[in-house]
Amino acid sequence: MTYETPVADILHTMTHVVGEAESGAAEIADGTMEAIIGEAGRFAEAVLLPLDRVGDREGLRFDAGAVTTAPGWCEAYRRWTEAGWNGLTAPQGFGGQGLSQLTHAAVQEIWHGANLAFALCPLLTAGAIEALATHASPELQRLYLPKLVSGEWSGTMNLTEPQAGSDLGALRCRAEPAPDGSYRITGEKIFISYGEHDLTQNIVHLVLARLPDAAPGSRGISLFLVPKYLLQQDGTPGVRNAVACAGIERKLGMHAAPTCTMVYDGATGFLVGEAERGLNAMFTMMNRARLAVGLEGVGSAERATQTAIAFAHERRQGRAPGQAGGAPSPIVAHPDVARMCLTMRAMTAAARALCYLTARALDEAEDPKGAPETRRDAAERAALLTPVAKAFATDIANEVASLNIQVHGGMGFIEDSGAAQVARDIRIAAIYEGTNGIQAIDLVTRKISSLGGQAFEREMATMRRVSERLAASNGPALGRSAARLGDAIAALDRATTFLRETLASDPTRALAGATPYLRLFGLARGGAALANGALSAGSDERIAILRFFAEQLLPEAPALADTVTTGGEDVAGWAEALRLM
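Residues numbered from 1 in each chain as written. Predicted model: local features only at pLDDT ≥ 70, side-chain atom pairs only at ≥ 80, totals over all residues. Heavy atoms only, no water.

1. Regarding the overall build of the protein chain
Spelled out, the test is: Put simply, DSSP marks the helices as runs of H or I at least four residues long and the strands as runs of E at least two long, and each gets a number from the N terminus on. Per-residue accessibility, obtained with a 1.4 Å probe over protein chains only, is compared with the maximum for each type, and a residue is labelled buried under 20%, exposed over 50%, and partly exposed between these values. It only takes one pair of heavy atoms within 4.5 Å for two residues to be counted as in contact.
Along its length, the protein chain carries 20 helices and 11 strands. For the protein chain, the spread of C-alpha atoms along the three principal axes comes to 80 × 65 × 60 Å. Residues classed as buried in the protein chain amount to 55% of the 581 residues present. The contacts of the protein chain with a sequence gap of at least 6 include a subset with a gap of at least 24, amounting to 74%.

Given below as structure tokens:
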């Protein structure tokens, strides 16, 4: 399985798509960014990539509540923490390096491309760090953040319960106040990634639960920190807490990442933030995790693309059009194979751009030197783009992984090629951290109309400016790129107007178009990002990627707008077509 760190593509996206005048400018200008990416790539290729197939084939061992990871994983994790990778963006006051979210996005893409199952553990820890740094008391921060930042301890997110699924309002896990100010947590959580493992000394669970007499539904949920081991006076792990792993799941993919059922039997927990405001604290973690899952999609799509292109150059079969005779042609010379590879390359580039733009917005929102209105606008932009980055990037990752198998032909269906593993592993990304359907609902019901739709209108204005630049620069090499991008932006505007006008009066009709609308948003915004990058860089390679994306993929946009505006009645009539047989 091929994977080399796409240094040139990452730096191009940072410099020409995101723009070095924005977030992360100093890190790009002084060479820090390139040095970090290069070092991360070397670690990923030398340490993480060789263990990916090992983890997939060896899987995990579960015995008497203990999980043993695949051979070599503990050593790799030790090297990971010793190299300082765990605390890149964490607060410097707790041992972190305080680097930008844009930097973190780049290295996360690299980890996910090399070893998706391994990278999931630090992904969750980073989210736990963010939640505690934002919402926990100074005492909890003092006790837990330094070890989480160093990577000596890991973090988890405990939301889902057997009867609840994505409906957090149906949670039953309960928290009883104890005389010492702590709480006793009782209940069961399922699908808890890295809920139990042997990589770290302690595991810090962030658990949603209900206090006695809490308000019904999601309003009555609180967040609790529940460590695997309670801490002694000196802050080191002591006695085992009353939390246990009851089993691990057998899964389609991600075989090396434990997915646990966790049982809390009066476990000692500590309130994070305010009582009955747990979702506010948990969503801090979830929103960062959603961007990180989008980057899982980018890394996996990049790996699948590299693998397919390498195979297409190596594999020879038949004679391509125009070849008179001699040896068989490399299959990349066959137009349909070239089309598949170009689709993979262009879609991956668009997904990367969306995720990096979201990371940049987070940096600007948190910049203490930024003007209040600039920070506010950036926070609104991050909120708007996060569901699109998560869902669009993971949807296209699944599509690209499927195309990788197709390019490989029969060999793609054989495990030895490695193509199947990428497809199996990334499939979950469209489901966890809020299914992509939930992301689409969030985009339609909240984000495009929040604060009077100002964030959306600012994004549209940015896209239109790029479209105008593209039209003014439209030479022969760009083909019909400007016209296609203009059509996509107009389609997005038309679909948005329809949804805003329809949501209140006919929510069923509006929500029937939520998923195609998110796809439309991702295509239009991704196309504008690729256009900005091509115009700024001026290279033949970037122009060729833009042109393919614009002429071959953006024509889907007007059709998606039609689906959004006219498809509601079809979905509303589901009962006749979907009756039980």
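2. Quick look at the side chain of Arg525
Stated precisely, the cut-off is as follows: Whenever two N or O atoms come within 3.5 Å, that pair is a polar contact, provided that in protein one can donate a hydrogen and the other can accept it, and provided that, for residues adjacent in sequence, both atoms are side-chain atoms.
Here Arg525 lies in helix α16 (residues 514-537). There is a polar contact of 2.7 Å between the side chain of Arg525 and the side chain of Glu459. Setting aside its immediate chain neighbours within four residues, Arg525 contacts Leu354, Leu357, Arg381, Glu459, Thr462 and Met463.

3. Observations concerning the pattern of salt bridges
This is how the line gets drawn: Should a side-chain nitrogen of Lys or Arg be within 4 Å of a carboxyl oxygen of Asp or Glu, the pair is scored as a salt bridge.
Tallied over the full model, the rule gives 35 salt bridges. For the salt bridge of Asp9 with Arg345, the shortest nitrogen-to-oxygen distance reads 3.2 Å. Here Asp9 is found in helix α1 (residues 7-19), whereas its partner Arg345 is found in helix α9 (residues 335-365), with 336 residues between them in sequence. Sharing partners across several salt bridges, the network here consists of Asp9, Arg345, Glu541 and Arg542.

4. Quick look at the environment of Val337
Residue placement: Val337 occurs in helix α9. Considering only alpha carbons, one finds Val337 and Met282, 55 residues apart in sequence, at a separation of 44 Å. Discounting residues that sit within four places of it in the chain, Val337 has contacts with Ala312, Ile331, Val332 and Val407.

5. Concerning the environment of Pro237
Within the fold, Pro237 resides in strand β9 (residues 237-240). The exposure class of Pro237 is partly exposed, given its relative accessible area of 27%. Along the chain, Pro237 and Gly247 lie 10 residues apart, while their C-alpha atoms are 23 Å from each other. If near-sequence neighbours (up to four positions away) are discounted, Pro237 is found in contact with Trp153, Asn202, Tyr229, Leu230, Leu231 and Gln232.

6. Considering the packing of aromatic side chains
We count it as follows: Classification of ring pairs uses Phe, Tyr and Trp, with its six-membered ring standing for Trp, and accepts pairs whose centres are within 6.5 Å; under 30 degrees between planes counts as stacked, over 60 as edge-to-face, and the remaining range as tilted. Think of it as a cone above the ring: NZ of Lys or CZ of Arg counts as a charge over the ring if it is within 6 Å of the ring centre and within 35 degrees of the ring normal.
Enumeration over the complete set of coordinates arrives at 11 aromatic pairs. On the basis of an interplanar angle of 85° and a centroid distance of 6.0 Å, the ring pair of Phe43 and Trp111 is categorised as edge-to-face. Taken together, the residues Phe43 in helix α3 (residues 32-58) and Trp111 in helix α5 (residues 101-114) connect sequence positions 68 residues apart. The same class applies to Phe43 and to Trp111, which are both buried. Their ring planes at 70° and their centres at 5.8 Å tell us that Trp80 and Phe118 sit as a pair that is edge-to-face. In this pair, Trp80 sits in helix α4 (residues 73-82) while Phe118 sits in helix α6 (residues 116-135), placing the two residues 38 residues apart along the sequence. Among the aromatic side chains, those forming a connected cluster through ring pairs are Phe43, Trp73, Tyr77, Trp80, Trp85, Trp111 and Phe118. Seen from the ring of Tyr229, Arg240 lies directly overhead, with NZ or CZ sitting 5.7 Å from the centre.

7. Things to note about the side chain of His112
Along the chain, His112 falls in helix α5. What His112 contacts, discounting residues up to four positions off in sequence, is Ala119, Leu123, Ala292, Leu295, Glu296, Gly299 and Ser300.

8. What about unusual backbone geometry?
Not every positive phi belongs to a glycine, and Tyr194 is a case in point at roughly 55°. With respect to the helices and strands, the residue Tyr194 is situated in the loop between β5 (183-193) and β6 (202-210).

9. Here's the deal with helix α14 (residues 481-502)
How we decide: Between the first and last residue of a helix there are one fewer steps than residues, each counted as 1.5 Å, and that sum is the expected span.
The first and last C-alpha atoms of α14 sit 32 Å apart over 22 residues, in line with the 32 Å expected at 1.5 Å per residue. Every buried residue of α14 is accounted for by Ser481, Ala482, Leu485, Ala488, Ile489, Ala491, Leu492, Ala495, Thr496, Phe498, Leu499 and Thr502. Among the structural elements, α12 (436-447), α13 (454-472), α15 (507-512), α16, α17 (540-553) and α18 (556-566) are those in contact with the buried residues of α14.

10. Things to note about α3
Owing to its 3.6 residues per turn, the α-helix brings residues three or four apart onto one side. The line we're drawing: Two axes enter the bend calculation: one fitted to the seven residues ending at the residue in question, the other to the seven starting there, and the bend is the angle between them.
The terminal C-alpha atoms of α3 lie 37 Å apart, and with 27 residues this matches the ideal 39 Å at 1.5 Å per residue to within 8%. In α3, a bend of some 40° at Ala44 exceeds every other bend along the element.

11. Regarding the packing of α1 against α16
Formally: Fitted lines through C-alpha atoms serve as axes, helices being fitted only where they are in contact, and the angles separating the N-to-C directions of these axes extend from 0 to 180 degrees. Each angle receives one of four descriptions, namely roughly parallel if under 35 degrees, roughly antiparallel if over 145, roughly perpendicular if within 65 to 115, and oblique otherwise. Ten residues, namely Ala, Val, Leu, Ile, Met, Phe, Trp, Tyr, Cys and Pro, are considered nonpolar, four, namely Asp, Glu, Lys and Arg, are considered charged, and the remaining ones, Gly among them, are considered polar.
Two elements in contact, α1 and α16, have axes separated by 8 Å at closest approach and are oriented at 90°. Accordingly, the angle class assigned to the pair α1 and α16 is roughly perpendicular. Taking contact as the criterion, the partners of His12, His16 and Val17 in α1 are, on α16, Ala529, Asn532, Gly533, Ser536 and Ala537. Classifying every residue of the contact of α1 with α16 gives 3 nonpolar, 5 polar and no charged.

12. So, the pairing of strand β11 (residues 259-272)
Rules: In short, DSSP must find at least two bridges between two strands for them to pair.
Relative to β11, β5 runs antiparallel, the two sharing 9 bridges. The residue bridging Gly187 from the neighbouring strand is Tyr264, located in β11. Pairing geometry for strand β7 (residues 221-227) and β11, over 3 bridges, is antiparallel. Opposite Leu225, over in β11, you have Phe270 as the bridge partner. The pairing of strand β10 (residues 243-248) with β11 spans 5 bridges and is antiparallel. Bridge pairing in β11 links Ile248 to Cys260.

13. Overview of the nonpolar core
The condition that has to hold: Throughout, nonpolar core names a set of buried Ala, Val, Leu, Ile, Met, Phe, Trp, Tyr and Cys residues whose side chains join them through atoms within 4.5 Å.
Counting 165 residues, the largest nonpolar core has Trp111, Tyr356 and Tyr517 as its most contacted members. The element that contributes the greatest number of residues to this core is α9, accounting for 17 residues. Within the second largest apolar cluster, 16 residues are counted, among which are Ile185, Val226, Val243 and Cys260.

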